[in-house]
Amino acid sequence: MYVIVEINGQQFKAEEGKKLFVQHIQNAENGATVEFDKVLLVDNNGTVKVGAPTVEGAKVVCEVVSHLVKGKKVLVFHKKRRKGYKKLNGHRQQFTELTIKQVIA
């Protein structure tokens, strides 16, 4: 059984026991449980239920493993040819690591 859930504007495929790296959740602490009720689709062994826009009564219960995980460094390079202009910027995206404890559908 799996569900498609929307977390912080992004859609994820969620199954029990799976780890997710979602956009940084501000108020999450390590070990806290978080519930998401924006379930868009439920697949229960081939029986598909699509919400309009969400499935009634379905939710995903997650536990916060690490509230701040940094992703790989992304380098942004700007250059104007023949002008001697070069600029290098970079950043590391911040994520929250979740494990899915329970899928209620």
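Residues numbered from 1 in each chain as written. Predicted model: local features only at pLDDT ≥ 70, side-chain atom pairs only at ≥ 80, totals over all residues. Heavy atoms only, no water.

1. What about a nonpolar patch on the surface?
So, point 1. A grouping of L75, F77 and L88 is seen on the molecular surface, where their side chains present a nonpolar patch of about 340 Å² in accessible area.
So, point 2. Along the polypeptide, F77 turns up in strand β7 (residues 59-80).
So, point 3. Look at F77 and you get partly exposed, because its relative accessible area is 48%. (Patch = residues over 30% accessible without salt bridge, like charges linked within 9 Å, V, L, I, M, F, W, Y side chains within 5 Å. Areas by Shrake-Rupley, 256 points an atom, 1.4 Å probe, with all protein chains shown as cover. Salt bridge = Lys/Arg side-chain N within 4 Å of Asp/Glu carboxyl O. Helix = DSSP H or I, 4+ residues; strand = E, 2+ residues; numbered from the N terminus. Buried < 20%, exposed > 50% of the residue type's maximum accessible area, 1.4 Å probe, protein only.)

2. Some words on the packing of aromatic side chains
The geometry of two aromatic rings is summed up by the distance between their centres and the angle between their planes.
So, point 1. For the structure shown, the criterion picks out 0 aromatic pairs.
So, point 2. If you follow K13 out to its NZ or CZ, it ends over the ring of Y2, 4.5 Å from the centre.
So, point 3. The side chain of K80 reaches across the aromatic face of Y85, ending 5.9 Å from its centre. (Phe/Tyr/Trp six-rings, centres within 6.5 Å; stacked < 30°, edge-to-face > 60°. Lys NZ or Arg CZ within 6 Å of the ring centre and 35° of its normal.)

3. Some remarks on the pattern of salt bridges
So, point 1. Enumeration according to the criterion identifies 4 salt bridges in this entry.
So, point 2. Between K38 and E6 there is a salt bridge, with its nearest N and O atoms 3.7 Å apart. Taken together, the positions of K38 in the loop between β4 (33-36) and β5 (39-44) and E6 in strand β1 (residues 2-7) put the pair 32 residues apart, joining distant regions of the chain.
So, point 3. The class of K38 is partly exposed, set by a relative accessible area of 43%.
So, point 4. A residue is classified by how much of its surface remains accessible, and E6, at 23% relative accessible area, is partly exposed.
So, point 5. Of the charged contacts, one joins K59 and E35 as a salt bridge, the two residues approaching to 3.3 Å between their closest N and O atoms. Of this pair, K59 sits in strand β7 while E35 sits in strand β4, and the two are 24 residues apart along the sequence.

4. Points about the sheet that holds strand β2 (residues 10-14)
So, point 1. One open sheet accounts for 4 strands, arranged β2-β1-β5-β6; its pairing is antiparallel. In this open sheet, the two strands that pair with only one neighbour each are β2 and β6 (47-50). Shown here is a sheet whose adjacent strand axes are inclined to one another by a mean of 15°, direction ignored.
So, point 2. In the sheet, β5 pairs with β6 via 4 bridges, with the strands oriented antiparallel. Bridge pairing links L41 to V50 in β6. (Pairing = 2+ DSSP bridges. Axes fitted to C-alpha atoms, helices over the stretch in contact; angles between N-to-C directions.)

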